[in-house]
Amino acid sequence: MNIDLLVVGSGFFGLTIAERAAAAGRKVTVIERRHHIGGNAYSENEPETGIEVHRYGAHLFHTSNPTVWEYVNRFTTFTNYVHRVYSTHNGQVYALPVNLHTINQFFQAAYTPDEARALVKEQAGEFDVKTARNFEEKGIALVGRPLFEAFFRDYTAKQWQTEPHKLSGDIVSRLPVRYNYDNRYFNDTWEGLPTDGYTAWLERMADHPNIEVKLNVDFFDESQPLSKKALVGQLPIVYTGPVDRYFDYAEGELSWRTLDFEEEVLNVGDFQGTPVMNYPDADVPFTRIHEFKHFHPERKDVYPDDKTVIMREYSRFATREDEPYYPVNTSEDRAGLLAYRELAKGEKDVHFGGRLGTYQYLDMHMAIGSALSMWRNDFGGDA
Ligand code: FAD
Ligand code: NA
């Protein structure tokens with residue numbers, strides 16, 4: 001077989017490895033189980049409106065890592081989009097992350113930063129972080145009961161489909177509250193959306209004569225030639241699928257949360273006036289609504305002015321059949337992960353990477369950064 005490297009999975013991790021290896025003269029084959037490249041960052045234009053929709057949930061690029069920023073700019077330019085999120089609670093709209101504007105609106109006051117800090121500190125005195133027995137007590141210990149109940153309690157409970165007092169305090173170490181009027185969602189040096197969309201960016205990474213991408217190919221399907229059974233030990237493999245699946249769940253299943261998306265094309269020019277509106281209240285079943293045209297205000301002459309695409313997002317525990325999105329990370333999961341890491345060490349020339357292969361939440365810039373590190377450390381290449 002005329003391949004120097006097999007990459008399993010065409011998300012940002014797999015494509016970064018493939019691109020670097022191809023540039024270094026290696027012949028790379030990328031196999032991808034889905035019918036498209038790009039993993040969860042994949043986007044496509046909704047056919048009726050032409051509006052770019054992020055198929056696996058809204059993706060905003062941001063980084064403070066100069067190496068990653070220089071690298072990604074080889075494949076795409078970025079718009080000057082700045083992410084902001086609002087929240088509809090009890091029929092009123094507030095700015096997120098919870099900041100001085102949110103606090104003053106919520107308490108109908110005009111507190112200075114120090115006054116707001118003192119108020120929250122007093123309210124947070126109801127419980128102590130060190131002795132809090134569950135998520136509810138810990139949340140109150142962090143930001144006080146009023147803000148916790150309004151903006152964090154039911155939102156988090158909906159994300160986990162679990163009552164707040166049954167959630168572990170371990171799921172939060174801090175809750176974001178800002179004592180100024182800054183409502184930029186991210187604090188990173190660079191932020192923006194790929195000018196021509198995510199899929200154009202991802203395709204440019206794979207566009208090299210040394211890279212062959214094979215879609216609809218599952219590494220565990222032994223009826224095709226590029227399977228685990230046929231190739232492990234035969235050539236270097238970078239595996240970015242789920243680590244527990246690789247070992248046939250020998251150490252148990254690692255648990256994930258998944259999301260369900262409900263997409264709708266509406267005959268209105270502007271549904272909510274902003275890209276993301278959160279719904280933190282218990283009586284609304286979804287957690288947020290995305291309106292995709294607002295991610296690209298610079299496309300206003302291309303996008304229709306009488307139609308829009310919205311997506312409601314629901315969150316729940318994943319079964320084996322669902323797309324795994326966020327690691328749950330219970331103590332059992334952490335023990336399982338350690339056992340899988342031991343097994344992985346014994347796999348000859350198989351390199352486990354990406355969010356599924358290492359069971360951790362990775363932003364895009366982290367997936368790309370960690371792939372560049374693997375390329376340097378395991379393959380001796382340069383970024
Ligand atoms: P993935 O993108 O998951 O790629 C893995 C690929 O491997 C998949 O295409 C999968 O089909 C394939 N695969 C798995 N098993 C097999 C197999 N057996 N055979 C063949 N192929 C296989 N990041 C940000 O920076 N900003 C955001 O705003 C942001 N929002 C997000 C929102 C959501 C809802 C989610 C879930 C993630 C978000 N992310 C965001 C994170 C981003 O999606 C990840 O950083 C990125 O997907 C990581 O790339 P990856 O290559 O590690 O994994
Ligand atoms: Na290994």
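This structure is a prediction, so every number in the text was calculated from the model and none was measured.

Right, let's get into the overall build of the chain. The number of helices and strands found in the chain is 12 helices and 16 strands. Relative to the globule expectation of 21 Å for 383 residues, the C-alpha radius of gyration of the chain, 23 Å, shows essentially globular dimensions. With the C-alpha coordinates aligned to their principal axes, the bounding extent of the chain is approximately 70 × 55 × 35 Å. By residue count, 54% of the 383 residues in the chain fall in the buried class. Relative to all contacts within the chain whose residues are 6 or more apart in sequence, the contacts with residues 24 or more apart total 71%. Summed over all atoms, the accessible surface of the chain reaches about 17900 Å², with 47% contributed by carbon and sulfur. Between the mean site of the 40 positive side-chain charges and the mean site of the 57 negative ones, the chain shows a separation of 4 Å.

Glancing now at the packing of helix α1 (residues 12–23) against helix α7 (residues 198–206). Between α1 and α7, the shortest axis-to-axis distance is 8 Å and the interhelical angle comes to 35 degrees. Seen from α1, the contacting residues are F12, L15, T16 and E19; seen from α7, they are W201, L202, M205 and A206.

Going through the model one piece at a time under the given rule, you end up with 35 aromatic pairs. Centre to centre, the rings of F106 and F107 are 5.0 Å apart; their planes meet at 90 degrees, and the pair counts as edge-to-face. Of the residues examined, F106 reaches a relative accessible area of 22% and is grouped as partly exposed. A ring pair is formed by Y198 and W201, whose centres lie 5.8 Å apart and whose planes are at 25 degrees; its orientation type is stacked. Placement of both Y198 and W201 in helix α7 is noted, with a separation of three residues, approximately one turn of the helix. Exposure remark for Y198: the relative accessible area of 1% places this residue in the buried category. You can call W201 buried: its relative accessible area is 0%. Each member of the aromatic cluster is reached from another via a ring pair, and the members are F12, F61, W69, F78, W190, Y198 and W201. When the ring centre of Y246 is taken as reference, the NZ or CZ atom of K228 above it lies at 4.2 Å.

All right, on to the UniProt feature "domain: UDP-galactopyranose mutase C-terminal" (unreviewed entry) in the chain then. The feature "domain: UDP-galactopyranose mutase C-terminal" (unreviewed entry), as given by UniProt, occupies residues 150–361 in the numbering adopted here. Here residues 150–361 is 22% helix and 20% strand, with 26 Å between the C-alpha atoms at its ends.

Here we come to the sheet that holds strand β15 (residues 326–327). The strand order across the open sheet formed by seven strands is β7-β6-β12-β13-β14-β11-β15, and the pairing between neighbours is mixed. Strands with a single pairing partner mark the edges of an open sheet, and in this sheet they are β7 (92–95) and β15. The sheet contact formed by strand β13 (residues 288–291) and strand β14 (residues 308–317) spans four bridges and is antiparallel. Directly across from I289, in β14, lies its bridge partner R312.

Conventions used here
Residues numbered from 1 in each chain as written. Chains lettered and ligands numbered in written order. Predicted model: local features only at pLDDT ≥ 70, side-chain atom pairs only at ≥ 80, totals over all residues. Heavy atoms only, no water. Helix = DSSP H or I, 4+ residues; strand = E, 2+ residues; numbered from the N terminus. Rg over C-alpha atoms; globule rule 2.2 N^0.38 Å. Buried < 20%, exposed > 50% of the residue type's maximum accessible area, 1.4 Å probe, protein only. Contact = heavy atoms within 4.5 Å. Areas by Shrake-Rupley, 256 points an atom, 1.4 Å probe, with all protein chains shown as cover. Lys, Arg positive; Asp, Glu negative; His and termini not counted. Charge placed at Lys NZ, Arg CZ, Asp CG, Glu CD. Axes fitted to C-alpha atoms, helices over the stretch in contact; angles between N-to-C directions. Phe/Tyr/Trp six-rings, centres within 6.5 Å; stacked < 30°, edge-to-face > 60°. Lys NZ or Arg CZ within 6 Å of the ring centre and 35° of its normal. UniProt positions renumbered as here; feature names shortened; annotations may be inferred. Pairing = 2+ DSSP bridges.

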